[in-house]
Amino acid sequence: MTSVHPQPVEARESLAQLACRRCQPSEAIAQKLWIADQHYLQSAPPGFVHVYEYTLRGQLVGGCILGRTAARQYNADRVLEVTRFFFVDGTPPNVESRGLALMRKHVRTWLPAIRLLLAYSDPEQGHEGTIYAADGWCDLGLTDGPRGYGWQSRQGRRDRKASRKLRWVRTP
C-alpha cells in the first residue's frame with residue numbers, strides 16, 4: 001500500500017537506524033531523571049517497570065517510562081501504562097510512532113503476560129495523540145474530570161492544574 005505522503009528516502013533510512021534499548025537497573029534512574037527533565041511536565045512518577053532509551057546513529061534522542069497503571073480498575077499484572085514518552089526536537093518525522101512500535105516489540109517479547117498498554121495525551125497542551133494514532137492505538141475518549149487532591153501533601157511534588165486526558169490503548 002502506498003502512503004499518501006511518502007517520506008523522503010533519507011527519513012526512512014533514519015527511522016530504520018532508530019534503536020530502542022531497555023535500560024539496565026543501574027542506568028534506569030539516571031535515564032528516568034533525564035526523561036523527567038526533558039518532558040514538558042518536568043517530572044516523572046516515582047515508580048516504573050521498565051525505562052527505555054532511544055538512540056539514533058549513537059546519539060540519545062528519546063526515552064520512555066513504562067509503569068503500573070494508576071487507574072485501579074485495570075489488572076496491574078496484565079496492563080502497563082506509558083507514563084512518560086519523550087523525543088528531542090529535530091528528530092526525523094514519525095520517530096515517535098516508530099519508537100512506540102519498538103517499545104511494543106520489546107514488551108511482546110520479554111513481558112508476555114502483558115496484554116494491554118495504556119497511554120494518555122493532554123489536548124490542553126496540544127498533544128492530540130497523533131503519535132498513538134499513527135502506531136495503531138485506539139482512542140477511548142476523554143478521562144473523567146479530576147478527582148481528589150493529594151499532590152501537595154507529598155514531599156517533593158508540585159501541584160499542577162489537572163485536566164481531562166485522551167485515553168489510548170493498544171495490544172503490545
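Located above this text is the structure these notes cover.
Not measured: the values here are computed from a predicted model.

1. So, the sheet that holds strand 2 (residues 50–56)
In space, the 7 strands of this open sheet follow the order 1-2-3-4-5-7-6, with mixed pairing throughout. The sheet is open, and its two borders are formed by strand 1 (18–22) and strand 6 (138–142), each paired with just one other strand. Geometrically, the sheet is characterised by an average inter-axis angle of 25° between neighbouring strands, direction not taken into account. Sheet topology places strand 3 (residues 59–68) next to strand 4 (residues 79–87); 7 bridges connect them, and they run antiparallel. Paired with Cys64 across the bridge in strand 4 is Phe85. Its contacts with the sheet place helix 2 (residues 25–38) against strand 1, strand 2, strand 3 and strand 4, and it is angled at close to 100° to strand 3. In this fold helix 3 (residues 95–110) packs onto strand 1, strand 2, strand 3, strand 4, strand 5 (116–121) and strand 7 (166–170), with an angle of close to 40° to the strand it touches most, strand 1.

2. A word on the side chain of Thr69
Relative to the helices and strands, Thr69 is located in the loop between strand 3 and strand 4. A relative accessible area of 11% places Thr69 in the buried class. Among residues more than four places away in sequence, those in contact with Thr69 are Tyr74, Val79, Glu81 and Leu118.

3. Observations regarding the nonpolar core
Residues Val82 and Met103 are the most contacted members of the largest nonpolar core, which totals 25 residues. The set of elements that each furnish at least two residues to this core consists of strand 2, strand 3, strand 4, helix 3, strand 5 and strand 7. Ranked by the residues each element gives to this core, the list is headed by helix 3, at 5 residues. Within the second largest apolar cluster, 6 residues are counted, among which are Cys23, Ala28, Ile35 and Phe86.

4. Examining the packing of aromatic side chains
Counted by the stated rule, this structure contains 6 aromatic pairs. Note on Tyr54 and Phe87: the rings are 4.9 Å apart at their centroids and 40° apart in plane angle, and the pair reads as tilted. With Tyr54 in strand 2 and Phe87 in strand 4, this pair connects stretches of sequence that are 33 residues apart. For the residue pair Tyr54 and Phe87, the accessibility class agrees, reading buried in each case. Relative to Phe87, the ring of Phe85 lies with its centre 5.5 Å away and its plane at 65°, an arrangement referred to as edge-to-face. Exposure remark for Phe85: the relative accessible area of 12% places this residue in the buried category. In this structure Phe87 comes out as buried when scored by relative accessible area, which is 7%. Put simply, the rings of Tyr54, Phe85 and Phe87 touch in pairs and so form one group of aromatic residues.

Criteria and thresholds
Residues numbered from 1 in each chain as written. Predicted model: local features only at pLDDT ≥ 70, side-chain atom pairs only at ≥ 80, totals over all residues. Heavy atoms only, no water. Pairing = 2+ DSSP bridges. Helix = DSSP H or I, 4+ residues; strand = E, 2+ residues; numbered from the N terminus. Axes fitted to C-alpha atoms, helices over the stretch in contact; angles between N-to-C directions. Contact = heavy atoms within 4.5 Å. Buried < 20%, exposed > 50% of the residue type's maximum accessible area, 1.4 Å probe, protein only. Core = buried A, V, L, I, M, F, W, Y, C linked by side-chain atoms within 4.5 Å. Phe/Tyr/Trp six-rings, centres within 6.5 Å; stacked < 30°, edge-to-face > 60°.

None of this, on its own, says anything about what the molecule does.
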